[in-house]
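Report on the structure
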Amino acid sequence: ICLVLDRSTSMQGDKMDMVKATAIQLLRGLRSQDVLSVVAFSDRAEVNVPAGLNQDTRKQDGRIQMIQASGATEIFNGLEAGLKDIRRTLDPSRVNHIILLTDGQTYGDEQACLKLAEEAASQNIGITGMGIGHEWNDIFLDALASKTGGSSTYISKPKDIQRLLVDKFNALISTYADEVLLEFKEQEHIRINYA
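Residues numbered from 1 in each chain as written. Predicted model: local features only at pLDDT ≥ 70, side-chain atom pairs only at ≥ 80, totals over all residues. Heavy atoms only, no water.

**Quick word on the environment of threonine 89**
Counting through the fold element by element, threonine 89 comes out in the loop between α3 (75-88) and β4 (97-102). Those residues in contact with threonine 89, other than ones at most four positions away along the chain, are Val35, Ala51, Arg94 and Asn96. (Helix = DSSP H or I, 4+ residues; strand = E, 2+ residues; numbered from the N terminus. Contact = heavy atoms within 4.5 Å.)

**Looking at the side chain of aspartate 34**
Position of aspartate 34 relative to the elements: it lies in the loop between α1 (14-28) and β2 (37-41). For aspartate 34, a relative accessible area of 8% corresponds to the buried category. Polar contacts involving the side chain of aspartate 34 include one to the side chain of arginine 31, which spans 2.8 Å. If we skip the residues at most four places from it in the chain, aspartate 34 touches Gly52, Leu53, Arg94 and Ile173. (Buried < 20%, exposed > 50% of the residue type's maximum accessible area, 1.4 Å probe, protein only. Polar contact = N/O pair within 3.5 Å; in protein donor to acceptor, adjacent residues only side chain to side chain.)

**Some thoughts on the sheet that holds β2**
Note on sheets: strands pair through backbone hydrogen bonds, and any given pair is parallel or antiparallel. The mixed open sheet is built from 6 strands, whose spatial order is β3-β2-β1-β4-β5-β6. Single-partner strands in this sheet number two, and they are β3 (45-49) and β6 (152-155). Neighbouring strand axes in the sheet, compared pairwise and without regard to direction, differ in orientation by 20° on average. Sitting on the sheet, α1 is in contact with β1 (2-6), β4 and β5 (126-132), with an inclination near 170° to β1. (Pairing = 2+ DSSP bridges. Axes fitted to C-alpha atoms, helices over the stretch in contact; angles between N-to-C directions.)

**Description of the layout of surface pockets**
Counted as a void, the largest pocket has a volume near 1000 Å³. The wall of the largest pocket is formed by 39 residues, among which Arg94, Val95, Asn96, His97 and Leu172 lie closest to the centre. Listed by contribution, the elements that provide at least two residues to the lining of the largest pocket are β5 and α6 (160-173). Looking at the lining of the largest pocket, the element that brings in the most residues is α6, giving 5 residues. Within the lining of the largest pocket, the residues separate by chemical class into 17 nonpolar, 16 polar and 6 charged. (1 Å grid on protein atoms, 1.4 Å probe; cavity = no way out; pocket = protein on both sides within 12 Å on 5 of 7 lines; lining within 4 Å. Points joined across faces, edges and corners; volume = space filled by probe spheres on them. Nonpolar A, V, L, I, M, F, W, Y, C, P; charged D, E, K, R; others polar.)

Right under this line is the structure:
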């Protein structure tokens, strides 16, 4: 799983503190078979914790703590870096997923982001979008995540970041079934909206 974290200026304060604390909590709670990477982005992206097994958590904690809010929101840069990093440990027997957290709108790179999501989907890499506050573009984030079969979530307050991010992480690492085939019979006057 790759966390792609918005570190633009608007994330300064409680939002950034909670995102960093939650990323460290997830890192410390990894099982031996788990792979977690962390990418922070604004108008540039940086891989703060590269994907790998059995990481030195104290060293990685420090890298996460060093993330500082600055710059503008350009989601493409973060997604591209996250996708590149997750491909390094891509394994069809694992959950390969990007969790994108942002509080803003990306400017001018929406189509490039959607194209990246299509590439991710072709490699069975899912994307979940998490929008913090009220200024993020829900239509764009929904479209981005749905291209990969993922979903988007609204986070109203910084204090909810931890609970929702941990819940999503735990849901992703809890595999109940693999290679399932779903069959259904169409019934008159019944339409399937979601499966």
